Amino acid sequence: MDSIAACTFASCPVSASPYGYPPSSAADAIFLIIHTGSLIACLLYTCYLADAKRWLEFSIPVSIASLFEIIGHGIRLGSAPDPWNVRLYAASTAFIIVAPAFVSAGIYFIISEAIKVLGVEHTLIDVSRYSLLIWIDVVGFVLQIAGIVVSFSDLSPDTGLGHNARIGNPIIAAGVAVQAISLMTLLMLFAVVLLRAAVSYRQFGYTTFHPTHGFVPMAHRFKFFVAMLLISAMCLFARALYQTIVLSDGLYSWTAKNQALFAGLDGFLVAEAVVGLVIAHPVTFLRDGLNKRTGYMSTSPMTEGQRTSQLGIWDIPVRPARPTRPNSNPWGSSTAFI
């Protein structure tokens, strides 16, 4: 076989292609539809429901991740008739590898908001420091980009991946491993918050004391938001472990050329993480996104309690006012999350 560029299914074994298999058109089409829908939904949430410049720190990275996944799976879909095209393989692999870093960035930006609603007294570190985890993610992202550049720097349409792939693959694996470490750190810290909040709720029926409304129970929609946040982070962590193993073995390895593993442990997990975050978008589950949709911004002003109840962060029961506790304000601002 002189050149893989001239290969067809009749003349060459598909195992000799860079993919090692013909990419599944059905699977890639499904992932393409999922991420396209997620991108459209995220943009609609941001442009239609949210006030100007609200939650852009979440919407922008999640939208970029969806766009990269669309490009990656779109290229794989185009590679189905010709899995020997090494340039298409390199492009799809690069976009799919780096896309989840943007999803985790979106999580790092909003995790502190959820903790402030649960109660900042439950966290082991200052709530403002959670966003610093993104810098660990940045280090991992830079390593991934550097490894991708090295890995595909000497590819050839005739011979496929070059020798540099064996040098660059461990660099990409190191970058994904750093991302896994940042996600593991987040999950451990958030697990402590959830455990302490659960203990408080079990003992007192509430997780924290709000300076304006006193003790108020959590709404089901906020619990759903927290569940989606946790599930998405766990999916990204599991995917990072999978890709670390694959890239440590190398793009020539059996694990890298197993389509079922890729579809289940990369495509599905990333899609689950993105869809979960988009469904529970903070525009409608944390702050005042519902006001624009329902028209409350243009009607008579609401009291703070009405506005909080409308957004569903807390279910505020009708009860006599409780006396406020001196020096018991755990939040920096009484209007930060309502």
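Treat the numbers as computed from the prediction; the structure is a model and nothing was measured. (Residues numbered from 1 in each chain as written. Predicted model: local features only at pLDDT ≥ 70, side-chain atom pairs only at ≥ 80, totals over all residues. Heavy atoms only, no water.)

**Student:** Can you walk me through the overall build of the chain in this structure?
**Tutor:** The helix and strand inventory of the chain stands at 10 helices and two strands. Counted from the first residue to the last, the chain has its helices and strands arranged as α-α-α-α-α-β-β-α-α-α-α-α. Across the 338 residues of the chain, 50% fall into the buried class. Taking all contacts inside the chain whose residues are at least 6 apart in sequence as the whole, residues at least 24 apart take part in 81%. (Helix = DSSP H or I, 4+ residues; strand = E, 2+ residues; numbered from the N terminus. Buried < 20%, exposed > 50% of the residue type's maximum accessible area, 1.4 Å probe, protein only. Contact = heavy atoms within 4.5 Å.)

**Student:** Would you mind going over the environment of Ala227 with me for this structure?
**Tutor:** Looking at where Ala227 falls in the secondary structure, it is placed in helix H6 (residues 220-249). By relative accessible area, Ala227 is classed as partly exposed at 32%. The spatial distance from the C-alpha of Ala227 to the C-alpha of Gly276 is 9.0 Å, given a sequence separation of 49 residues.

**Student:** Please clarify how helix H4 (residues 133-151) should be interpreted in this entry.
**Tutor:** In an α-helix, one full turn covers 3.6 residues, which means residues spaced three or four apart are oriented alike. In this model, H4 (19 residues) spans 27 Å end to end at C-alpha, consistent with the 27 Å of a helix rising 1.5 Å per residue. Buried within H4 we find Leu133, Ile134, Asp137, Gly140, Gln144, Gly147, Ile148 and Ser151. Across the axial projection of H4, the buried residues extend over an arc of 135°, all falling on one side. Residues Trp135 and Val149 are exposed on H4 and point more than 90 degrees away from its buried face. Turning to H4, the residues buried within the fold contact helix H3 (86-118) and helix H5 (164-204). (Expected span 1.5 Å × (residues − 1). Arc of directions from axis to C-beta.)

**Student:** Please explain the pattern of salt bridges as it appears in this structure.
**Tutor:** Charged atoms that come close allow side chains of opposite charge to pair. Inspection of the entire model under this criterion finds two salt bridges. Between Asp266 and Arg239 there is a salt bridge, with the nearest N and O atoms lying 3.1 Å from each other. Remark: Arg239 occurs in helix H6 and Asp266 occurs in helix H7 (residues 259-279); sequence separation between them is 27 residues. This pair shows no difference in class: Asp266 is buried, exactly as Arg239 is. (Salt bridge = Lys/Arg side-chain N within 4 Å of Asp/Glu carboxyl O.)

**Student:** What's the story with the packing of aromatic side chains in this structure? I'm lost.
**Tutor:** The description of two aromatic rings rests on the distance between their centres and on the angle between their planes. In the structure shown here, the tally under the stated rule is eight aromatic pairs. Between Tyr19 and Tyr89 the ring centres are 4.9 Å apart and the planes differ by 85°, which places this aromatic pair in the edge-to-face class. Here the residue Tyr19 occupies a position in the segment before helix H1 (25-49), and Tyr89 occupies one in helix H3, the gap between them amounting to 70 residues. The class of Tyr19 is buried, set by a relative accessible area of 1%. On the accessibility criterion, Tyr89 (6% relative accessible area) is buried. (Phe/Tyr/Trp six-rings, centres within 6.5 Å; stacked < 30°, edge-to-face > 60°.)

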